[in-house]
Amino acid sequence: MADETHASIPDRYRSDRFERAGCVTLGLIPAPDIPETMARELAPQLPKLLENRVDGDVSWEVPVVVDPLTGTDREAPEILDVCRERMLGEGWDLAICLTDLPVYRDGTLVAADVSAKRGVAGLSLPAMGAMRLRPKARDLTLQLAGELYERTKEHAAGDPPARGSQPRGSVGSFQRVDPPDEDMRAMDVDARFAAPGALGHLRLWSGMVLANRPWRMLPAFKGAIAAAFATGAYALVITTLWLLADSVGWARLLLLMVTAIVAMVAWIIVAHHLWERPEDPDQQKWAALYNGVTVLTVTSAVLCAYAILFALILLAAWVFVPGDYFQTILKHPVGFGEYLTLSWLAASLATVAGALGASLEDEETVRKASYGYRQRRRHENDDAETQ
């Protein structure tokens, strides 16, 4: 398989730099944000790992160059072509681009592609998921490097194959597409790793939420959190609220919390125009995915804000609500559980009030906090086209 692939590589794609002082340069081309962070963490580890798992007879260099074009709304072949141009411009032997965009080809969620003709591979980080992202990215990067090296290296007649270069059926939970399909042949892709099934799509959604970095929204909504805390703290002095919290039960408290969170998420999305309704048919196919990820991102941020608000109100209740007077109003002994239910009710009511404060924040600040780099660039391109 490797011999057939190598024989099909045109001379203009071949590299004679493998012979240069026994050194192979594998460049990493990440998009900004999380891909860049991942690439800079991997780069110092890869030379030793590549010597151990791919070829120990050569030395490895792994430079990192950030390229925003790997994080735009391009089709997979275009991203690989952009990476090849950067590889040639930098004078590298091989290159792997890391993008934070999801990649679908013929309905298949693609985690990685290897193009021996280009000498590059593409890795889609969202397909890795949010759990154990670093070891997954490291293992798949090593596999891609081995595939590229073996398929592009010009072997002498008696040269043995490089260590770890033999194709394997899968890497972790990512399955090799074998035999190559029509789309792979049309793209000049020699190896593809897919993330099939419902589990693959769940990992994609969690990976895209991670790329959006929902914790960035907390500073953007500090005014809303402050307003909600003021509302909740004021509600603590209302003795009617004490009786209500003591009588409603945990099921109603849970329902009120869910209602408050859903209301705040909906308000943020509507007030700040985060819901996408593209007219372009090419963009419509991504709208459902991006809108779903936006909902999950904002929900994650609101849940974090709710947890902070609940902790602050619980502290305020414990300090400022006298236990004896609390017991006199409820007419039964009180403990930590009563303070928890009172704070739970107050936090849920305050969350609804805080949603109104969220609309006072700058829309661009909210959008930057709730969207990853790929979405921000798409919106910037759309705004430039409409002007």
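Model, not experiment: these values are computed from the prediction.

Enquirer: Go over the overall build of the chain with me, naming the residues and quoting the values.
Expert: Summing up its helical and strand segments, the chain has 16 helices and nine strands in all. A total of 387 residues make up the chain; the buried ones form 50% of that total. The contacts in the chain between residues at least 6 apart in sequence include a share of 79% that link residues at least 24 apart. Total accessible area on the chain stands at roughly 18100 Å², and carbon and sulfur atoms take up 59% of it.

Enquirer: Can you tell me about the nonpolar core, naming the residues and giving the values?
Expert: Of all hydrophobic cores here, the largest spans 47 residues; its most connected members are L50, I96, L125 and M128. Considering each element in turn, this core owes the most residues, eight residues, to helix α5 (residues 133-152). Each residue touching M128, except ones within four places of it in the same chain, is listed here: A111, L123, L133, K136, A137, L140, F174 and R203. Counting residues in hydrophobic clusters, the runner-up holds 40 residues, among them L236, W242, I261 and L342.

Enquirer: Just give me the short version of the packing of helix α2 (residues 34-42) against α5, but keep the residues and values in it.
Expert: Here α2 crosses α5 at 65°, and the two axes come no closer than 11 Å. The orientation of α2 relative to α5 falls into the category roughly perpendicular. Considering the relative orientation of α2 and α5, their crossing is right-handed. Along the contact surface, α2 presents I34, M38, E41 and L42, while α5 presents L133, R134, A137, R138 and T141. Looking at the contact of α2 with α5 residue by residue, the class counts come to five nonpolar, one polar and three charged.

Enquirer: Which residues make up the confidence of the model for the chain, and what are the values?
Expert: Looking at the chain, the pLDDT average stands at 80 and 79% of residues meet or exceed 70. Of all helices and strands in the chain, the one with the weakest mean pLDDT is helix α1 (residues 2-7) (38), whereas strand β3 (residues 94-99) scores best (92). For the stretch residues 1-17, pLDDT sits under 50, and the model shows 29 contacts to residues farther than four places along the chain or on other chains. This model gives residues 154-166 a pLDDT under 50, and the stretch forms 20 contacts once residues within four places in sequence are excluded.

Enquirer: Provide a residue-level description of the packing of aromatic side chains, including the pertinent values.
Expert: Inspection of the entire model under this criterion finds six aromatic pairs. Measuring from ring centre to ring centre gives 5.8 Å for W318 and F336, while their planes differ by 70°; the resulting arrangement is edge-to-face. Here W318, found in helix α12 (residues 281-320), pairs with F336, found in helix α14 (residues 336-358); they are 18 residues apart in sequence, far enough to count as distant. For F336, a relative accessible area of 46% corresponds to the partly exposed category. Through a chain of ring-to-ring contacts, three or more aromatic side chains come together here, namely W242, W318, Y325, F326, F336 and Y339.

Enquirer: If you had to explain helix α13 (residues 323-330) to someone new, which residues and values would you point to?
Expert: All of the buried residues in α13 are F326, I329 and L330. Down the axis of α13, the buried set is contained in an arc of 90°. They therefore lie on one face. Every exposed residue of α13 that faces more than 90 degrees away from the buried side is listed here: D324 and T328. Among the residues trailing α13, K331 stands out with phi positive, at a value near 65°.

Enquirer: Pulling in residues and values, what's your account of the packing of helix α10 (residues 239-248) against α13?
Expert: Two numbers describe how α10 lies on α13: the axes approach to 10 Å, and their chain directions differ by 65°. In terms of orientation, α10 and α13 fall into the roughly perpendicular class. Our pair here, α10 against α13, has a crossing hand that is right-handed. When α10 is examined against α13, the residues T239, W242, L243 and D246 are found in contact with a partner set consisting of Y325, F326, I329 and L330. Across the contact of α10 with α13, the residue classes tally to six nonpolar, one polar and one charged.

Enquirer: So what's going on with the environment of Y104? Residues and values would help.
Expert: Assignment of secondary structure puts Y104 in strand β4 (residues 104-105). Y104 gets classed as partly exposed once you look at its relative accessible area, which sits at 24%. Within polar-contact distance, the side chain of Y104 engages the side chain of H201 at 3.2 Å.

Enquirer: Talk me through the side chain of R176; I want residue IDs and the actual numbers.
Expert: Its location among the elements puts R176 in strand β8 (residues 174-176). Given the relative accessible area of 15%, R176 is considered buried. Side-chain polar atoms of R176 contact the side chain of E147, separated by 2.5 Å.

Procedures and definitions
- Residues numbered from 1 in each chain as written.
- Predicted model: local features only at pLDDT ≥ 70, side-chain atom pairs only at ≥ 80, totals over all residues.
- Heavy atoms only, no water.
- Helix = DSSP H or I, 4+ residues; strand = E, 2+ residues; numbered from the N terminus.
- Buried < 20%, exposed > 50% of the residue type's maximum accessible area, 1.4 Å probe, protein only.
- Contact = heavy atoms within 4.5 Å.
- Areas by Shrake-Rupley, 256 points an atom, 1.4 Å probe, with all protein chains shown as cover.
- Core = buried A, V, L, I, M, F, W, Y, C linked by side-chain atoms within 4.5 Å.
- Axes fitted to C-alpha atoms, helices over the stretch in contact; angles between N-to-C directions.
- Parallel < 35°, antiparallel > 145°, perpendicular 65-115°, else oblique.
- Left-handed = near helix turned anticlockwise from the far one by under 90°.
- Nonpolar A, V, L, I, M, F, W, Y, C, P; charged D, E, K, R; others polar.
- pLDDT = per-residue confidence, 0-100.
- Phe/Tyr/Trp six-rings, centres within 6.5 Å; stacked < 30°, edge-to-face > 60°.
- Arc of directions from axis to C-beta.
- Polar contact = N/O pair within 3.5 Å; in protein donor to acceptor, adjacent residues only side chain to side chain.

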